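# Summary of the model geometry
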Amino acid sequence: MKVSKINIFFRKLGEAQIRYRWLCLALLFVVTLVCLSGMRKFRSESNNQDWIVNGSEIQLNSDHFKEIFGNDEYVLVLVQAEDVFSHGVLSMISNLGERLESEVPFADKVTSLTTVSIPIGKEGGIEVKSPFDDGIPSDKEELSGIKNFIMGRESIVNNLVSDDARETWVILKLRPFDNESEDVVTVGHAAEKVIMSEEFKSSEWSLKPIGSAYTTAEKMDTVGHDFSIRLMLGFLTMLICLIVFVRSFRGVIVPFIATSFGIGSVFGFTALLNIPADSDVMSLPILLGMALSIGYALHYINAFKMHFRSSGKRKESVIRAVEESGWPVLFTVITTVVSLLSFMFACIRPMVWLGAVSAAVVFMVYTYVVVLIPIFMSFGKDKGDFKGEAPLGEGVAESLDEAQGKTFPSQATKADRIFERFGAHIVKRNWIVAITSFVVIALCIPGIFKMEVNMDYLKFMGSKVPFVHRIEEVLEAKIGNLYSYDVMIEFDEDDAFKDPKNMLALDQLEVELGKLRMTKVSGGKPRVKSITRMVKEMYRVLNEDKKEFYTIPNDRDMLTQLLFFYEISDSSSLYDDLTENYNAAHVHVEISDYNANIIVDDIEKAEANAKALFPNAKVAVVGTVAENAAMNGTIVTSELKSFGSSFVMIALLLIIVFASIRGGLIAMIPNLEPVVLIGAVMGYAKMPLDEVTMMIMPMILGIAVDDTIHFSNHIKYKLEAGKNYKDAVAETFGEIGKTMGTTTLILCAMFLMYCFSPITAMFRIGLLSIVGLGSALIADYTLTPALICITKPFGKK
């Protein structure tokens, strides 16, 4: 493609834009009103389930688990005191449980020391009930007797209460949600209101709430607050950058308006389509839109200023700016949009949303910039001694003259001349520059192989976030826990778990799961539990409470009788662990910490053990940890799909536009440098590849290629005008080198706002983006011109 011919088309477009400027403004105004009307319906949400590929096996298994065993969401409160069996603490626990059940939406039932069901012997058999059914005794001896009885239950000690009686849980089980993304936040806020109320504040105990429903609400509040701060700082940074680099009232106000309306229109339009925003990553498209809009505006404004200084003719200068900047800016928009749309290959909802919305934001801010900047710059008088104005259309001949090598007066700044000398310096040492760049890339490659996938929730948020610090304290407690998974076993035939063989196999599975590396151990006991714990307790009580009978009876009639006693005494607790037709059960496993690679191995072993013990049953591992483990592979695959598709599509576009396979591929080489450097920083600094950092590489590739396009396009334009490679490169540096540096500086300033976030994931976005964008600029200043001079991709002349 001849750049000069494309530029003529954009010149005609600029002329039409100025001629019909009021019509253009009216049409844009109508579009803006329609889109912004949707902001009344705007809503955002965050749901961990969204990160699971829709229709995947783990999602289907999780849905089936909830269908037969109920919701797996809880609100938990760790109670710590000198003695949790003191009358004051027990009264508080009882009141807390009652208020949680009555005031928290979707509350099902509370399990605590005052409500826990325990097998108790009676004449003619046993019954399962709470020792506090008749209330909390005030008599110390009676209370001590109950304490000793509970502390003698193996199924309870170091599960519900610690062996030193200094810690215990209050557990609120929740009913299935109607709309998980919204209901979980409602539940969390309601629970927080109860737990943090004045009634439960005392120096006698401490309460540490936890649980996915509770912490999700806290996460939403934290992310929302942080988003507001990033947004405010982003707009402030944008204004400062415009004031510093544009230094004109019109040049500051118009890009600001274009950015605000461009971003607002996209979010308003998605709201009209009833598409909720993803609160976890919502700030990314906004800050990206701000930064890129300034970059697009600067290219137009700087081109206008350069021609206005030379000719003094306002409208003609605007048209020349559209002529020269229109195509390279549009092409950078296309490549950025293509790169962002590559997120949609990941098939993960938040990534699909981010890719689609970010691409739409980029396109809309571009539209507002290219419509508003030329029109508003065209209003006003001509400058100085330049009187009169060439009729629209006469400038085509002038443009063609310049394409043939004729020049016009210019007033290059000192910075422009410095960049031109720097370009000449690079041309003279092109081989040294190229070799040095490839050595740097080679040194970075080993770091990429040190990258690890890790979906650790705590490391994602970071210990600077207050509620994360509290969770870390809970994890350090003797019975504290955050992470867990369930192994579900389901037979086709009813009453399968009335067969002692299957119940014994379930007990053996608990033993095997207790041996896994990540399984948490409290007081020497693995934190693994299932229906077998209650069966063994009941069999022991039925046999004069002798410890040797804490086992599974090998007699079907006895096992059936025990399950019958449990069903008539506390059927709801029974059905938490066993289905009503006794064909499915599950084993709950708590783990000590989150290490992605070890957990994946543990889950594979857990599934293998279950299949070996239950060859005729369906086996599935479910729960948040299992979902995160499944996501490890999904993230790697999604990253490769997203980056690979982005790279291929951008390369094809460059090949088509430059009409040269060699030219297109050479233009891609410098853009691999920032991606490789980001991977090296992540690997050497042990930054995990997670649901946020996986988005950075494709995004940076799409942004980084912008400067390469501007640079290569300008060189090609100079070559078409008759320049040789040496002069073309030097003059390109002088004319757009400063603008390239300015736009990158603005982008880095925008992403710098993330570096001040207390959320670790946001800090990583900022740091890695700055590393990528900075290295991309360096590559475009050094490796790009060096390769162009060495390979001469646009022909010898």
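Residues numbered from 1 in each chain as written. Predicted model: local features only at pLDDT ≥ 70, side-chain atom pairs only at ≥ 80, totals over all residues. Heavy atoms only, no water.

### Focus: a nonpolar patch on the surface
Using the following cut-off: Within this analysis, patches are made of residues with over 30% relative accessible area and no salt bridge. Like charges are joined at 9 Å or less; nonpolar side chains (Val, Leu, Ile, Met, Phe, Trp, Tyr) at 5 Å or less. Only the protein chains shown count as covering a residue, and every accessible area follows the Shrake-Rupley method with a 1.4 Å probe. When a carboxyl oxygen of Asp or Glu lies within 4 Å of a side-chain nitrogen of Lys or Arg, that pair is called a salt bridge. Put simply, DSSP marks the helices as runs of H or I at least four residues long and the strands as runs of E at least two long, and each gets a number from the N terminus on. Relative accessibility decides the category of a residue: with a 1.4 Å probe and only protein chains considered, values under 20% of the type maximum give buried, values over 50% give exposed, and everything between is partly exposed.
A surface patch of nonpolar side chains, amounting to about 730 Å² of accessible area, comprises Phe29, Val30, Leu33, Val34, Phe269, Leu272, Leu273 and Ile275. Those elements giving two or more residues to the nonpolar patch turn out to be α2 (21–36) and α8 (249–272). Per-element tally for the nonpolar patch: the top contributor is α2, with four residues. With respect to the helices, strands and loops of the structure, Phe29 is situated in helix α2. On the accessibility criterion, Phe29 (52% relative accessible area) is exposed.

### As for the packing of helix α4 (residues 87–103) against helix α6 (residues 180–195)
What counts is decided by this rule: Only the contacting stretch of a helix is used when fitting its axis, a line to C-alpha atoms as for every element, and angles between N-to-C directions run 0 to 180 degrees. Should an angle lie under 35 degrees it is considered roughly parallel, over 145 roughly antiparallel, and from 65 to 115 roughly perpendicular; all remaining angles are considered oblique. Each crossing gets its handedness from the near helix: less than a right angle anticlockwise from the far helix is left-handed, clockwise is right-handed. Should any heavy atoms of two residues lie within 4.5 Å, those residues are considered in contact. As a working rule, the residues Ala, Val, Leu, Ile, Met, Phe, Trp, Tyr, Cys and Pro are called nonpolar, Asp, Glu, Lys and Arg charged, and the rest polar, with Gly in that last group.
Running from amino to carboxyl end, α4 crosses α6 at an angle of 150 degrees, the nearest separation of the two axes being 10 Å. With respect to their mutual orientation, α4 and α6 come out roughly antiparallel. α6 is crossed by α4, and the crossing has right-handed handedness. Of the residues in α6, those touching α4 at Leu96, Arg99, Leu100 and Glu103 are Ala190, Ala191, Val194 and Ile195. When the residues that make up the contact of α4 with α6 are grouped by side-chain class, the tally is six nonpolar, no polar and two charged.

### A few points about the confidence of the model for the chain
Inclusion rule: Values of pLDDT, the confidence the predictor places in each residue, fall between 0 and 100.
Residues with a pLDDT of 70 or more make up 94% of the chain, whose mean pLDDT is 85. Of all helices and strands in the chain, the one with the weakest mean pLDDT is helix α12 (residues 395–403) (40), whereas helix α17 (residues 500–514) scores best (95). This model gives residues 385–410 a pLDDT under 50, and the stretch forms 36 contacts once residues within four places in sequence are excluded.

### Here's the deal with the pattern of salt bridges
Summed over the entire model, instances satisfying the criterion amount to 33 salt bridges. In this structure, the salt-bridge partner of Asp83 is Lys147, at a minimum N-O distance of 3.5 Å. A residue pair is termed long-range when its members are at least 10 positions apart, and Asp83 in the loop between β2 (74–81) and α4 and Lys147 in helix α5 (residues 140–151) qualify at 64 residues. For Lys147, a relative accessible area of 24% corresponds to the partly exposed category. The shortest N-O distance in the salt bridge between Lys723 and Glu731 comes to 3.3 Å.

### Let's talk about the side chain of Arg314
Topologically, Arg314 is positioned in helix α10 (residues 314–341). If we skip the residues at most four places from it in the chain, Arg314 touches Arg250, Phe304, Phe308, Met377, Ser378, Phe379, Gly380, Lys381 and Asp382.

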